[in-house]
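# Reading the structure
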Amino acid sequence: MTLITTDINLASEMLKNEDVIGMPTETVYGLAGNIYSEKAIKKIYEIKKRPFINPLIVHIKSLECLNKVAINVSESALKLANTFWPGPLTLILDKHSSIPDLITAGKNTVAVRIPNHPVALALLEIVNFPLAAPSANPFGCISPTSAKHVAEYFNDEISIVLEGGNCQKGIESTIIGFRNKQPILYRHGSISVQEIEAVVGKLEILTKNDSAPEAPGMLSKHYAPITETFLTNDVIEFIKKSPHKKIGLLLFKQEIDNQKIIHQEVLSKSGDLKEAASNLYAALHRLDKLNLDIIIAEQFPDIGLGKTINDRLERATKR
Ligand code: TXA
Ligand code: MG
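Residues numbered from 1 in each chain as written. Chains lettered and ligands numbered in written order. Predicted model: local features only at pLDDT ≥ 70, side-chain atom pairs only at ≥ 80, totals over all residues. Heavy atoms only, no water.

### Things to note about the pairing of strand S14 (residues 247-251)
Formally: Relative accessibility thresholds used throughout: buried, under 20% of the residue-type maximum; exposed, over 50%; partly exposed, between the two (1.4 Å probe, protein chains only). What counts as a helix is a DSSP run of H or I of at least four residues, what counts as a strand is a run of E of at least two, and both are numbered from the N terminus. Strand pairing is assigned whenever DSSP identifies at least 2 bridges connecting the two strands.
The element S14 is largely enclosed, with a buried count of 5 among its 5 residues. Burial of the side chains of S14 extends over both faces: Ile-247, Leu-249 and Leu-251 are buried on one face and Gly-248 and Leu-250 on the other. Where S14 meets strand S16 (residues 294-298), 4 bridges bridge the pair, whose relative direction is parallel. Bridging across to S16, Leu-249 finds its partner in Ile-296.

Put into C-alpha cells, the structure is as follows:
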C-alpha cells in the first residue's frame, strides 16, 4: 500500500536512502529519485516500464545549481530559464560530465527544469541533490495530476507519495532543445509556443512523426486511456455513427444534449484553454474508470494551449 503523506522529512529520508517516491510538481506528479543513485534511477525505469533509451528530466532547486548539471548554456537558453523558471519549461542542454549515463540514456545532453511547486522546491532544498523525475505513470499511460493517481498506478512499487494537491498546470512542461543554437520545440506543454517565441523568436517545431534521435520521447502513441478514444471536430456526427455503444465525452466548453451519453466531461465552461489544460488528465482518468465502450474527444482550437491539448489527444487516440 502506498502512503499519501505530507511528511517531507520522511520523503527526504527515503530519497537519501536511494529510494523512489511520488513527488508533486505544478505540471504533473513525478517519480523522483537521486540522480546520483544508480539504485534509485534503475528503480524508476523499472517500475515505470520505461525503455532505457528514453532519458529522464533532472529537477534542480535554483539557477545557481544549473552549472552542476549542464555546460555551454547559451544566451537564449539562459534567457528562457530566467523568464520561465521556476516553471513548466524543460531545457535540453549539454550535460555536465558528472551526470550518470543512465539519466541521459547515454546522450551528451540533459533535460533540466526548476519546478514551480512549494513542496517540490522544499524537498529539493532539504535533500540538496538534483532529482530525476519522469511523470509518475507507467509507460504510455495518462500522466497523474493528483497523489491518488500515483498511488493507484504504483501501489505495490513505491511506499510514499508526497501530497501536493491537484497539479495547478495539469499538463507536462514544454521542452525546448537547441540545434546550432537555434531553439527547437521538442514537446508541446504548459507554456505555449507563442509565449516561448515572445522571448527567443521563431521556434522550429519537431513534428510528432519526426523520428529525430534527439527527441527519443516523441512517441506518437502516449498518454493513452485504456478505453478506446477518438478525436473529432464533429462530436454529434460521431455519436450518430456509434449506435449501441456506451459513450463518454470529453468536451471543451459545453455539454451535448443527448440522453444516451453515459458521462460528459467539460474542461472549461468559460472557454479558457489554460483551465481546460489543467483539467484534461483528471477528466481522462475519470472517464477511463467508467467501463465505457468508447470515449469521444472534441478537437480543441489550435491556438495557445489548445495546441498542447490537441497534441495529447492525438497521442491518446492513436491505435
Ligand atoms: O512536466 C514535466 O516535465 C514532468 C514533471 C514531473 O517535471 N516530467 C515529465 O517527464 O514529463 P517525462 O520523463 O515523462 O518526459 C520527459 C521527456 C521524455 O519524453 C524524454 O524523452 C525527454 O523528456 N528527454 C529527457 N532527456 C532528454 C534529452 N537529453 N534529450 C531529449 N529529450 C529528453
Ligand atoms: Mg511522461
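### A word on the pattern of salt bridges
The test is simple: Within this document, salt bridges are pairs made up of a side-chain nitrogen of Lys or Arg and a carboxyl oxygen of Asp or Glu, the two lying within 4 Å of each other.
Tallying each qualifying case throughout the model produces 15 salt bridges. A salt bridge links Glu-265 to Arg-286; its shortest N-O distance comes to 2.7 Å. Remark: Arg-286 occurs in helix H10 (residues 273-288) and Glu-265 occurs in strand S15 (residues 263-266); sequence separation between them is 21 residues. Here Arg-286 falls in the partly exposed class, since its relative accessible area comes to 42%. Measuring nitrogen to oxygen at the nearest pair gives 3.4 Å for the salt bridge that ties Asp-302 to Lys-307. The network of salt bridges with common partners includes Glu-172, Asp-311, Arg-312 and Arg-315.

### Let's talk about the sheet that holds S14
To be explicit about the condition: Between the N-to-C directions of two axes lies an angle of 0 to 180 degrees, each axis being a line fitted to C-alpha atoms and, for a helix, fitted only over the stretch in contact. Contact between two residues is taken to exist if any of their heavy atoms lie within 4.5 Å; hydrogens are not considered.
The 4 strands are arranged S13-S16-S14-S15 in an open sheet whose pairing can be described as parallel. Looking at strand neighbours, the two that pair on one side only are strand S13 (228-232) and S15, the edges of this open sheet. When strand polarity is set aside, the average angle formed by the axes of neighbouring strands in this sheet is 20°. Here H10 sits on the sheet in contact with S14, S15 and S16, set at roughly 175° to S14.

### Focus on the nonpolar core
Note the following rule: What we call a nonpolar core is a set of buried Ala, Val, Leu, Ile, Met, Phe, Trp, Tyr and Cys residues that are connected through their side-chain atoms within 4.5 Å.
Ranked by internal contacts, the top residues of the largest apolar core, which has 45 residues, are Val-69, Leu-89 and Leu-91. Elements with a contribution of two residues or more to this core: helix H2 (38-48), helix H3 (66-69), helix H4 (75-84), strand S6 (89-95), strand S7 (109-113), helix H7 (147-153) and helix H8 (193-200). If one sorts the elements of this core by residue count, H2 sits on top with 5 residues. Sequence-distant contacts of Val-69, that is, excluding residues within four places in its chain, are made with Ile-35, Val-58, Ile-60, Asp-94, Lys-95, His-96, Ile-99, Val-110, Val-112 and Pro-130. Of all hydrophobic cores here, the second largest spans 22 residues; its members include Val-28, Leu-267, Leu-284 and Leu-287.

### What to know about the pairing of strand S10 (residues 174-179)
With 3 bridges joining them, S6 and S10 adopt parallel strand pairing. Paired with Leu-91 across the bridge in S10 is Ile-176. In this sheet, strand S11 (residues 182-187) lies alongside S10 in antiparallel orientation, the contact comprising 5 bridges. Looking across to S11, one finds that Ile-175 is bridged to Arg-187.

### Description of H2
An α-helix turns once every 3.6 residues. As a result, residues three or four positions apart point the same way. Considered for burial, the residues of H2 that qualify are Ala-40, Ile-41, Ile-44, Tyr-45, Ile-47 and Lys-48. Of the surrounding elements, those touching the buried residues of H2 are strand S3 (30-34), helix H5 (101-104) and strand S8 (131-132).

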